[in-house]
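Structural description and commentary
Listed here are the chains, written in short residue letters.
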Amino acid sequence: MSEGATAPDTGPRAVLQISWRLDREQQFVIELPQEDRIVQTGEQIIKACDLQITGVLWSKEFRAMLGRIGEFCASNKEHISACYTSLRSNKICVFFCPRSESFDFELSDALAEFSIEISERYSLVGRVHLRQVPLWDVESFVPSDSLQFTGWDSESKS
Amino acid sequence: MTAAFYAGVHIVTAVLAKDGKSVSSHTERDAILQQSNSYRELWTHYYQLKDLSLTARYVADQKQWVAYESIDSHVIRRYLYPLEKSAIRALCIDTPPRITLQQKDESDPSD
């Protein structure tokens, strides 16, 4: 930030620029809403902004991916009975329960293709693991804090 | 199914090694296969073997999830052989002999 760029107490503010190259080690006093003040270096501010922007983008892409998974469920509803997602420390798991009691080989073919689409379209989300698990043993595979996809099947009671 | 999956792991690892890609975990292997168009055919079959194997290992009733009769017709012929075929093309090697599955004789004392 340019030398002596102290902000006036009132009135319109000019755009202040923090440069990684010039201000990385510069200290900035930040006034918080409750009149608290914190001191941060330019590097800390830039990294925080970067993290926040990445988080917003991740969240946007994650929501888009959930929407696409819902569409996939709807277009394969003759094969899918229920669908859940669970966030793990290093990946996102999506569990598809077939309508059949046994492993659905046709659904598996569709999931293989879909896994490629997901990895290509939503790369920012990170690793996504699509799995087919039996509804009759769902507790063995789907963590209790998982989210269930609903609304894609008009017959769904959830 | 687990044996078929690990055969698949070796097949895929061999193809990746030929291409100069060394992997040390399932995560790394999956990432390379998924992210490259040239491995799409391998991934399609390998993914299904992995999914089947992971669930079959822990499911309460394996026979209910995958019937014995469908292991040969589906798991081996539908996933493992095509995976092997893709790898053979990639590795430029001769076709190995086919695996034959037989029902285990219950009275066989050599078990």
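Let us look at the overall build of chain A. Each helix and strand counted, chain A has three helices and six strands in total. Mapped in sequence order, the helices and strands of chain A form the string α-β-β-α-β-β-α-β-β. For 158 residues, the compact-globule estimate of 2.2 N^0.38 gives 15 Å, and the C-alpha radius of gyration of chain A, at 24 Å, exceeds that figure by more than 25%. The buried share of chain A, taken over its 158 residues, is 19%. Partitioning the contacts of chain A with sequence separation of at least 6, the portion at a separation of at least 24 is 54%.

The helix and strand tally for chain B stands at five helices and zero strands. Seen through its C-alpha atoms, chain B measures out along the principal axes to roughly 50 × 35 × 25 Å. The buried share among the 111 residues of chain B stands at 30%. Of the contacts formed within chain B by residues at least 6 apart in sequence, a portion of 67% connects residues at least 24 apart.

All names here are of chain A. In space, the four strands of this open sheet follow the order S5-S4-S3-S6, with mixed pairing throughout. Two strands close off the open sheet at either side, each with one partner strand: strand S5 (128-132) and strand S6 (147-148). Bridging between strand S3 (residues 80-87) and S6 involves two bridges; their strand directions are antiparallel. When the sheet's bridge partners are listed, Thr-85 is paired in S6 with Leu-147.

Below, the discussion takes up the confidence of the model for chain A. It should be kept in mind that the predicted coordinates are not to be read in detail where pLDDT is low. Of the residues in chain A, 91% have a pLDDT of 70 or more, and the chain-wide mean is 89. Across chain A, strand S4 (residues 92-98) of chain A holds the top mean pLDDT of 96, while S6 of chain A sits lowest at 92.

Ranked by size, the top nonpolar core spans 23 residues in total, and within it Leu-42, Tyr-46, Leu-49 and Leu-83 of chain B carry the most contacts. Of all the elements in the fold, those that place two or more residues in this core are helix H1 (2-18), helix H3 (40-58) and helix H5 (68-91) of chain B. Sequence-distant contacts of Leu-42 of chain B, defined by excluding residues within four places in its chain, comprise Val-12, Val-15, Leu-33, Leu-83, Ser-86 and Ala-87 of chain B. Counting 20 residues, the second largest nonpolar core, distinct from the first, contains Cys-73, Phe-96, Val-133 and Phe-149 of chain A.

This part takes up unusual backbone geometry. Excluding glycine, residues mostly have negative phi values, and the peptide bonds linking residues are mostly trans. All names here are of chain A. A positive phi angle, near 70°, is found at Glu-35, a position not held by glycine. Looking at the element boundaries, Glu-35 is found in the loop between strand S1 (27-31) and strand S2 (37-41). Judged by the 6 C-beta atoms lying within 10 Å of it, Glu-35 falls in the exposed class.

All names here are of chain B. The geometry of H1 relative to H3 is characterised by a closest axis approach of 9 Å and an angle of 145° between their N-to-C directions. The interaxial crossing formed by H1 with H3 has left-handed handedness. On H3, the residues touching Thr-2, Ala-4, Phe-5, Gly-8, Val-12 and Val-15 of H1 are Leu-42, Tyr-46, Leu-49, Lys-50, Ser-53, Ala-56 and Arg-57. Class assignment of the residues belonging to the contact of H1 with H3 gives a composition of eight nonpolar, three polar and two charged.

We now examine the pairing of S2 of chain A. All names here are of chain A. Here S2 lies mainly on the outside; zero of its five residues are buried. One ladder, built from five bridges, connects S1 with S2; its direction is antiparallel. Following the sheet pairing, Ile-30 is matched in S2 by Ile-38.

Criteria and thresholds
- Residues numbered from 1 in each chain as written.
- Chains lettered and ligands numbered in written order.
- Predicted model: local features only at pLDDT ≥ 70, side-chain atom pairs only at ≥ 80, totals over all residues.
- Helix = DSSP H or I, 4+ residues; strand = E, 2+ residues; numbered from the N terminus.
- Rg over C-alpha atoms; globule rule 2.2 N^0.38 Å.
- Buried ≥ 20, exposed ≤ 12 C-beta atoms within 10 Å, placed from the backbone.
- Contact = placed C-beta atoms within 7 Å.
- Pairing = 2+ DSSP bridges.
- pLDDT = per-residue confidence, 0-100.
- Core = buried A, V, L, I, M, F, W, Y, C linked by C-beta atoms within 7 Å.
- Axes fitted to C-alpha atoms, helices over the stretch in contact; angles between N-to-C directions.
- Left-handed = near helix turned anticlockwise from the far one by under 90°.
- Nonpolar A, V, L, I, M, F, W, Y, C, P; charged D, E, K, R; others polar.

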